[in-house]
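One-letter residues, chain by chain:
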Amino acid sequence: MPANKRIAVWMSEKKLQKINWQELVAACSKRGFEVFKLDLNKCLKEQGPFCVLLHKLTDIIALANQGDIRSIKIIQGIENYVVSENPPVTVLDPIAKVKRLLDRYNCYSLIHGTNLHNYGVFTPNFCVLRNEDLDIIKGELIHSLVNYPFICKPILGHGSRQAHEMSIIFNEKYLGDCKTPCVAQSFINHNAILYKIFIVGDRHCYFERPSLKNFQASQRESIHFDSSDVSKADSKSRLSVLDPDDVIKIEERNPDSKIIEVIANTLRKSFGMDLLGIDVVIENTSGRYAIIDVNAYPGYDGFPNFFDALLDCISKKVTAD
């Protein structure tokens, strides 16, 4: 354990309120850590030393990736301090790892490259659509085996409200509804049930959430929706209401905790991150597990003893480093 036991924290005020700052301060104090809010408008060196940077910088990283000058300077300043000038600092999670996760195409490609397929776990077929030419879009979909219906998702997985704005495309007639650039991903019917896996270091848990109902390829118009509204615990979205025929056919199926554990451990290692949220659905026909999204530092509502898990993770990392 380093002699300096200060934890620098940066996240939005909304996020700070959600996690309960005073409770975090008390939990850190019990474990011998001092915690403080990092001010990105001030010199980091003057605010140091600290042994841990705990952050939710996804919005700023996303803006930097889009060319925002102020955000670029902030991220460069942080990386210079924690990577070049003070490499012993533990960062949860490393900015380079978060950058990779923010790109949905890179994220799905990384999942696709794991050995999860050995456990009946997959990510639905996907491709990037960057061109507005419909013939090129058709070709990309065919080449990547993306079937109708498919979901159009913004390439940027975090950092703005638009990251959650998605569309379901049911047929070739409405391909013009694809807001390029985007990731197109085959839609997997899963009886309107989503499982959110929350990871904190070597601990994980999962919760059931509402999701999109079953859909088939058809001549209907595209559906546009906000994914965060559909998957909230208390969501009442009409898109989550199963059709009567699906209600009759539905089979009770509880997730296999061993497979959930394999998913959690595999993606934690593959992404090189300790604070992750993973969205998983179970295909209603095959029973296979489909990973449809991964998030950095998710909301941990309901995670048992979250601060204990977080500080256990921090303690192990600073000791190892």
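Rules used throughout
Residues numbered from 1 in each chain as written. Predicted model: local features only at pLDDT ≥ 70, side-chain atom pairs only at ≥ 80, totals over all residues. Heavy atoms only, no water. Helix = DSSP H or I, 4+ residues; strand = E, 2+ residues; numbered from the N terminus. Rg over C-alpha atoms; globule rule 2.2 N^0.38 Å. Buried < 20%, exposed > 50% of the residue type's maximum accessible area, 1.4 Å probe, protein only. Contact = heavy atoms within 4.5 Å. Areas by Shrake-Rupley, 256 points an atom, 1.4 Å probe, with all protein chains shown as cover. Lys, Arg positive; Asp, Glu negative; His and termini not counted. Charge placed at Lys NZ, Arg CZ, Asp CG, Glu CD. UniProt positions renumbered as here; feature names shortened; annotations may be inferred. Phe/Tyr/Trp six-rings, centres within 6.5 Å; stacked < 30°, edge-to-face > 60°. Lys NZ or Arg CZ within 6 Å of the ring centre and 35° of its normal. Salt bridge = Lys/Arg side-chain N within 4 Å of Asp/Glu carboxyl O. Arc of directions from axis to C-beta.

Draft legend 1. Fine view of the overall build of the protein chain. Within the protein chain one finds 12 helices and 14 strands. The globule rule puts the C-alpha radius of gyration for 321 residues at 20 Å, and the 21 Å found for the protein chain is close to it. Principal axes of the C-alpha set define a box for the protein chain whose edges measure 65 × 45 × 35 Å. Counting all 321 residues of the protein chain, 51% fall into the buried class. Partitioning the intrachain contacts of the protein chain with sequence separation of at least 6 by distance along the chain shows that 71% fall at a separation of at least 24. Just so you have it, the protein chain exposes about 15900 Å², and 48% of that area is on carbon and sulfur atoms. Side-chain charges of the protein chain comprise 39 positive and 39 negative groups, with the mean position of each set lying 4 Å from the other.

Draft legend 2. Up close: the UniProt feature "domain: Inositol-tetrakisphosphate 1-kinase N-terminal" (unreviewed entry) in the protein chain. According to UniProt, the feature "domain: Inositol-tetrakisphosphate 1-kinase N-terminal" (unreviewed entry) maps to residues 7-95 in the numbering used here. Helix makes up 53% of residues 7-95 and strand 17%, with an end-to-end C-alpha separation of 16 Å.

Draft legend 3. The environment of glutamate 208, seen in detail. By secondary structure assignment, the location of glutamate 208 is in strand β11 (residues 203-210). Sequence-wise, glutamate 208 and isoleucine 197 are 11 residues apart; in three dimensions their C-alpha atoms are separated by 9.1 Å.

Draft legend 4. Expanded view of the packing of aromatic side chains. The final tally for this structure, using the stated rule, is 15 aromatic pairs. Among the aromatic side chains, those forming a connected cluster through ring pairs are Phe198, Phe207, Tyr297, Tyr300, Phe303, Phe306 and Phe307. Seen from the ring of phenylalanine 33, lysine 5 lies directly overhead, with NZ or CZ sitting 4.7 Å from the centre. Across the ring face of tryptophan 21, the terminal group of lysine 37 is positioned such that the distance to the ring centre comes to 5.2 Å.

Draft legend 5. Representation of the pattern of salt bridges within the structure. Scanning all chains against the criterion turns up 16 salt bridges. Its salt-bridge partner being aspartate 293, residue arginine 104 comes within 3.2 Å of it at the nearest N-O pair. A residue pair is termed long-range when its members are at least 10 positions apart, and arginine 104 in helix α7 (residues 104-112) and aspartate 293 in strand β14 (residues 289-296) qualify at 189 residues. Take aspartate 293: its relative accessible area is 10%, and that puts it in the buried class. Lysine 196 is the partner of aspartate 279 in a salt bridge, and the nearest nitrogen-oxygen pair spans 2.8 Å. With aspartate 279 in strand β13 (residues 275-282) and lysine 196 in strand β10 (residues 193-200), this pair connects stretches of sequence that are 83 residues apart. With a relative accessible area of 10%, aspartate 279 lands in the buried category. When salt bridges that share partners are traced, they join Arg31, Arg203 and Asp312 into one network.

Draft legend 6. Structural context of helix α6 (residues 95-102). Where α6 is concerned, the buried positions are Ile95, Val98, Leu101 and Leu102. Angular distribution of buried residues about the axis of α6 spans 120°; they occupy a single face of the element.

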